[in-house]
Amino acid sequence: MQHINLITRRGFLDRSMKIGLGVTLSTMVDVPFVLKRALAEGNIGLNGKKLLFIWLRFGNDSLNSVIPVEDPGYLTMRPVATGGSPANIGIPKDPGTTYTDRGACDFPVAGTGPTFGYANAIRLGNGYAGLHPSLKFLAPVYNAGDLSIIHRVGYANQSRSHFDSQIYWENGNPRNNVSKDGILYRTIYEAIQASPTVASRALTGVSIQTTLPLLLRGKDAAMTNLSDVTRYDLLNVPNSLNTNLVTKADMALTGANAYPFPEKAQRELLQGQYQNLMNTLPLFKDIAADLATPVLDDEATDGDYPYNLFPTSNNTNGGYVRGGGAPPEAAKYVVPTDSYSFFTKLKAAALVLNKTEATIAGTEYGGFDTHSAQGGVTGAHSDLNRRLGWSLYALRKYFMAHSDQVTWDNLVVVTLSEFGRTTRVNSDFGTDHGEAGVMWVAGGAVKGFVPGAGANPPVRSGVIGCHGTAEPTRDPIPWIPGTGSSSSMLAVEGSYLKRTADYRSVMGEIIREHLGATQAQLDRIIPGYADEANHHLKNGGTVVPPIERTNYNTQIRGELDVV
């Protein structure tokens, strides 16, 4: 007789509720991994080093972030808006500046004038590149030697689909849509497998955004995801005694954890989940309180007065509020007024790393899909850049002045974005999905700019991938100028910037040299490292088909000595 399994409406709802509860809990708290080995391998989570990531969603236009100002092809393909013409996107040179001079990055200090009054590419000091003027607050970070700017970053056989390329950046496995474990998830996994100390922590990897990114997602466990740390409580139950152990919901969890269930499948996992939830509640109570406390710069910001490092309202946004009864000045905002939710999340991610044992935390913001009306010196992309420039400036100042469980010297901040944009401006005065982009890596231990003595050129530039001539110790692949098919900006199918670095090399170096993975661990975290002969992630080389797209051979630099 054939048996038919009938699911009633009530049964379906019951199962759905249980599955939904499981998903909700799993994305709220770190679920302990089932330990399969204890090899005491590597130092991830044990060496005091931490990582903060910022996802720039939907494809940042690298060519209007780090601008090859000495390439005459740039303004040919990206004209500058003039007079009453439509809004072209090119960023002009300052006629009074010699961009081939080498040294520190210029910092156009505004004082009491408009914060972003400078309307030209900022000289980066490497003899070839400029910064978009909206990124001016990167200059102090760069000049302190705490920033590496990596241009022409991508991966072999680049996809121009947002969906696919975000998957590949996050799973570390380009062209593999099946792999659903993220790079940073596997990093935490290796740490937990190797160390009972790390395995016992309430928090390991945390994202502060709407949903848990693939970066921290994996098949064996879920990392923590929160959209708002101030609402991290059970059922939002009031707590009159200011302790997390007296509410009814907390007591229910305590009781559930203490009840002696027989050992059966998944019960150990669930009990560990309950315990981790209990352990994290007090942590986030303290973080929520710190989130409401202003953090001011330690100097007169931009030659004006000390600004709030994490602007979350008009009144805390740069120099908008003037002293002595003067009227507010919108020209003194340091970030656009729609940035406040992002800076709340960024501050929360910083607090998580500084106040807890978590090793990795981060957040994201979108808007980089600038197909139309992208803008040039001002406009949509300029506003997105302003958030980024101020973010790295603020994080450096915060961690230098306020260090609890991590210092600025022990922190690396890294940005990710799934691809760059087309080299040519389109008919809608925007840019379309492209190839290579730019990564920003900041931190006190980052190997950035090192000035030369006196009038000598720098010992080391903080720019990689945008040089007119090769720099053998750091950047052996020069930028090829012009508008021909072999030029750097058009070398892929006549429209796209060609990569000379793989993002996995950047992430791999950070995971091994900063976070403390062994090479064997890194080979498991980023599969391409285990196939150096074809992917060349560590030592560099020429990537050829079938790894690379048909008809292309691509020379890449391997690891870049960034940390």
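Here, every reference points to the structure presented above.
So, here's what we can say about the structure. (Residues numbered from 1 in each chain as written. Predicted model: local features only at pLDDT ≥ 70, side-chain atom pairs only at ≥ 80, totals over all residues. Heavy atoms only, no water.)

Checked against the element boundaries, Arg557 lands in the segment after strand 14 (554-556). Only 2.3 Å separates the side chain of Arg557 from the side chain of Thr500, close enough to count as a polar contact. Setting aside its immediate chain neighbours within four residues, Arg557 contacts Ile150, His151, Ile464, Gly465, Arg474, Asp475, Pro476, Ile477, Thr500, Ala501, Asn539 and Gly540. (Helix = DSSP H or I, 4+ residues; strand = E, 2+ residues; numbered from the N terminus. Polar contact = N/O pair within 3.5 Å; in protein donor to acceptor, adjacent residues only side chain to side chain. Contact = heavy atoms within 4.5 Å.)

Following the criterion strictly, the structure yields 18 aromatic pairs and no others. On the numbers, 6.1 Å between centres and 85° between planes, the contact of Phe116 with Phe137 is edge-to-face. In this pair, Phe116 is assigned in the loop between helix 2 (72-77) and strand 3 (122-123) and Phe137 in the loop between strand 4 (130-131) and helix 3 (138-143), connecting sequence segments 21 residues apart. An aromatic cluster of three or more residues is present, and its members are Phe107, Phe116, Phe137, Trp390 and Tyr393. Looking at Arg57, its charged tip hangs above the ring of Trp55, at a distance of 4.1 Å from the centre. Positioned above the aromatic ring of Phe137 is the side chain of Lys136, whose terminal nitrogen or guanidinium carbon lies 5.3 Å from the ring centre. (Phe/Tyr/Trp six-rings, centres within 6.5 Å; stacked < 30°, edge-to-face > 60°. Lys NZ or Arg CZ within 6 Å of the ring centre and 35° of its normal.)

Gaps left between atoms are located by rolling a probe of water-molecule size over the structure's atoms. A full pass over the atoms with the stated rule returns 3 cavities of 30 Å³ or more. The calculated volume of the largest cavity comes to roughly 80 Å³. What lines the largest cavity is a set of 14 residues, and nearest its centre among them are Glu435, Val492, Arg499, Glu548 and Arg549. Its residues placed into classes, the lining of the largest cavity shows 5 nonpolar, 4 polar and 5 charged. Roughly 60 Å³ of internal volume is contained in the second largest cavity. Lining the second largest cavity we find 13 residues, and of these Val153, Trp169, Ser417, Phe419 and Gly437 sit closest to its centre. Contributions of two or more residues to the lining of the second largest cavity are made by strand 5 (147-154) and strand 10 (437-442). (1 Å grid on protein atoms, 1.4 Å probe; cavity = no way out; pocket = protein on both sides within 12 Å on 5 of 7 lines; lining within 4 Å. Points joined across faces, edges and corners; volume = space filled by probe spheres on them. Nonpolar A, V, L, I, M, F, W, Y, C, P; charged D, E, K, R; others polar.)

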